[in-house]
Amino acid sequence: MVKAKSWVMTQHFDGFPKKSDFGLKVEELPEPKDGEVLLEAVFLSVDPYMRLLSKIHMKEGGVMIGEQVAKVIQSKNPAFPVGSHVVSDSGWRTHTLSDGTGLTPILSEWPKDVSLSLALGAIGMPGLTAVYGIEDVLGLKEGETLLVNAAAGAVGSVVGQIAKIKGCKVVGSAGSDAKVAYLKELGFDEAFNYKTVGSLEEALRKASPEGYDCFFENVGGPSSFIVLQQMKNCGRIAVCGSISTYNDSEPQTGPYSYFTVILKQLKMEGFIYSRWQHKNHETLKRLLAWVKEGKLQCREHVTKGFENMPAAFMGMLQGENTGKAVVAV
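Note that the coordinates shown come from a computational prediction; the quantities given were computed from them, not determined experimentally.

Definitions and limits used
- Residue positions are given per chain, counted from 1 along the sequence in the order it is written.
- Side-chain atom pairs in this predicted model are given and counted only at pLDDT of 80 or more, local residue features only at pLDDT of at least 70, and totals for whole chains, interfaces and linings cover all residues.
- Only hydrogens and water are set aside; all other atoms, that is, all heavy atoms of the structure, feed into the side-chain values.
- Secondary structure is summarised from DSSP: a helix means a run of H or I of at least four residues, a strand means a run of E of at least two, and numbering begins at the N terminus for each.
- Throughout, radius of gyration means the C-alpha value; the globule benchmark is 2.2 Å times the number of residues raised to the power 0.38.
- Residue burial is assigned from relative accessible area. The probe radius is 1.4 Å, only protein chains are included, and a residue is buried under 20% of its type maximum, exposed over 50%, and partly exposed in between.
- UniProt positions are given in the numbering used here, feature names are shortened, and annotations may be inferred rather than shown by experiment.
- Lining residues are defined by having an atom within 4 Å of a point belonging to a cavity or pocket. Those points lie on a 1 Å grid over the protein atoms alone, cavities being sets where a 1.4 Å probe fits but cannot get out and pockets being open sets with protein on both sides within 12 Å along at least five of seven lines.
- Grid points are joined across faces, edges and corners, and a volume is the space filled by probe spheres set on the points.
- Ten residues, namely Ala, Val, Leu, Ile, Met, Phe, Trp, Tyr, Cys and Pro, are considered nonpolar, four, namely Asp, Glu, Lys and Arg, are considered charged, and the remaining ones, Gly among them, are considered polar.
- What marks off one domain from the next here is an automatic or database domain assignment.
- Think of each axis as a best-fit line through the C-alpha atoms, taken over the contacting stretch in the case of a helix, with angles from 0 to 180 degrees between the N-to-C directions.
- Just so you know how the angles are binned, under 35 degrees is roughly parallel, over 145 roughly antiparallel, 65 to 115 roughly perpendicular, and the rest oblique.
- What makes a crossing left-handed is the near helix being turned counterclockwise from the far one by less than a right angle; a clockwise turn instead makes it right-handed.
- In this description, contact between two residues means that some pair of their heavy atoms is separated by no more than 4.5 Å.
- Here a polar contact is taken to be a pair of N or O atoms separated by no more than 3.5 Å, where protein atoms must pair a possible hydrogen donor with a possible acceptor and residues adjacent in sequence count only if both atoms sit in side chains.
- Ring pairs are drawn from Phe, Tyr and Trp, using the six-membered ring of Trp, whenever the two centres fall within 6.5 Å, and their geometry is named by plane angle: stacked under 30 degrees, edge-to-face over 60, tilted for the rest.
- Note: buried area is the sum, over both parts, of the accessible area (probe 1.4 Å) each one loses when the two are combined.
- Salt bridges, as used here, are contacts in which a Lys or Arg side-chain nitrogen is within 4 Å of a carboxyl oxygen on Asp or Glu.

A.B. asks: Tell me what's going on with the overall build of the chain, and back it up with residues and numbers.
C.D. replies: A count of helices and strands for the chain gives nine helices and 15 strands. Its C-alpha atoms give the chain a radius of gyration of 20 Å, near enough to 20 Å, the size a compact globule of 329 residues would have. Its C-alpha atoms put the chain at 65 × 45 × 35 Å along the principal axes. Taking all 329 residues of the chain together, 53% fall into the buried category.

Here it is in structure tokens:
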């Protein structure tokens, strides 16, 4: 028998999450039955979507949703031998019994000197999101100019680097001078701190006077409508996230710049990476190859200790992380 810990949402979040919204539970798990495996979490992910989807997919008292990299410690399923590692959507749990459904084995060619935590970041869901947003939604072409906000985050930092691989000009917006410096290290052509610029409109115009062909949207809110004014005619916008609105108690209403969208003939498309899940395996191999070649740099904000899951989650929502936020058990 294994004692499994899990973090549950004791009550739905009202505004920004607080410590009292989380509770730690302990339970004993039985031995695996035929076809089952027992997983032990090694790294867990904290992501903005957890705040958004908690309202939609979770009930009070339910285990917090999310992905983890886990080690198979007992197995009665030949597809998942003991000692192997998988990516699982088991949520905030230290141990999980699984029948194998939804488990994704770590790529067989994964190098020993690359941390498995990257399977939750650049070589995982955030990396897949970046690729599909750039290639399948935006159709980004060599020589074009791309703007990405929340550019030092898990998705944004990968978006900017892939755009550079594709021969594009990249402008990034981030929330601190340290993050701006990081974007410059990654090869962004221009980067600015949106919190300290006098005028977002002027900062966007200075970074790219000719405007923007593509905009990879992670933030939402009023600032996004300022970006629309700087788009080129027939520009394309991939709406990946709206983190600035996730903690709102009441949904934001406007402004809606449809007039600008019409005049500039802009194309705006929301997307979720799972639409292209049939391509995940090959796309993960591409991302891993870029990492091995040194074309894709990965920075992580690692919090140690399963007991610190809520703090890591709240810190991520406040922008404490540069790169992917993960928890090491």
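A.B. asks: Talk me through the UniProt feature "domain: Enoyl reductase (ER)" (unreviewed entry) in the chain; I want residue IDs and the actual numbers.
C.D. replies: UniProt annotation of "domain: Enoyl reductase (ER)" (unreviewed entry) refers to residues 15–327 when read in the numbering used here. With 28% helix and 25% strand, the stretch residues 15–327 has end C-alpha atoms that lie 23 Å from each other.

A.B. asks: With reference to specific residues and values, describe empty space enclosed by the protein.
C.D. replies: Taken as a whole and judged by the stated rule, the model has one cavity of 30 Å³ or more. Size it by volume and the largest cavity reaches roughly 80 Å³. Lining the largest cavity we find 13 residues, and of these A122, S157, C298, R299 and K324 sit closest to its centre. Looking at the lining of the largest cavity, its residues break down into six nonpolar, four polar and three charged. Each of domain 1 (2–121 + 298–328) and domain 2 (125–274) gives at least three residues to the lining of the largest cavity.

A.B. asks: I'd like to hear about the packing of helix α2 (residues 125–138) against helix α3 (residues 156–165), residue by residue, with values.
C.D. replies: To describe two helices that pack against each other, one gives the angle between their axes and the distance between the axes. Taken N-terminus to C-terminus, the directions of α2 and α3 make an angle of 50 degrees; their axes are 9 Å apart at the nearest point. Overall, the two elements α2 and α3 adopt an arrangement that is oblique. Read as a crossing pair, α2 and α3 show a hand that is right-handed. Contact with α2, carried on its side by G127, A130, V131 and I134, involves V158, V159, I162 and A163 of α3 and no other residues of that element. Each residue belonging to the contact of α2 with α3 can be placed in one class, and the counts come to seven nonpolar, one polar and no charged.

A.B. asks: Requested: an account of the environment of S224, with residues and values cited.
C.D. replies: Its place among the elements puts S224 in helix α6 (residues 222–228). A C-alpha to C-alpha distance of 9.2 Å links S224 and N149, two positions 75 residues apart in sequence. Only 3.5 Å separates the side chain of S224 from the backbone nitrogen of G220, close enough to count as a polar contact.

A.B. asks: Could you give me a rundown of the packing of aromatic side chains, with the residues and numbers involved?
C.D. replies: In this structure the tally under the stated criterion is eight aromatic pairs. Look at F13 and F22: their rings are 5.5 Å apart centre to centre, the planes differ by 45 degrees, and that puts the pair in the tilted class. What makes F13 buried here is its relative accessible area of 10%. Taken together, the ring pairs in this structure connect F13, F22, W92 and F313 into an aromatic cluster.

A.B. asks: Account for the domain arrangement of the chain, with residues named and values stated.
C.D. replies: In terms of domains, the chain is made up of domain 1 (2–121 + 298–328) and domain 2 (125–274). Facing 22 residues of domain 1, the contacting portion of domain 2 comprises 15 residues. Buried surface at the junction of domain 1 and domain 2, both sides included, amounts to about 1400 Å², of which 51% is carbon and sulfur. Among the residues of domain 1 in contact with domain 2, G121, R299 and T322 are the three that bury the most area, contributing 26% of the side total. Between the two partners, domain 1 and domain 2, sit one salt bridge. Of the charged contacts in the structure, one is a salt bridge between R299 and E185, with a shortest N-O distance of 3.4 Å.

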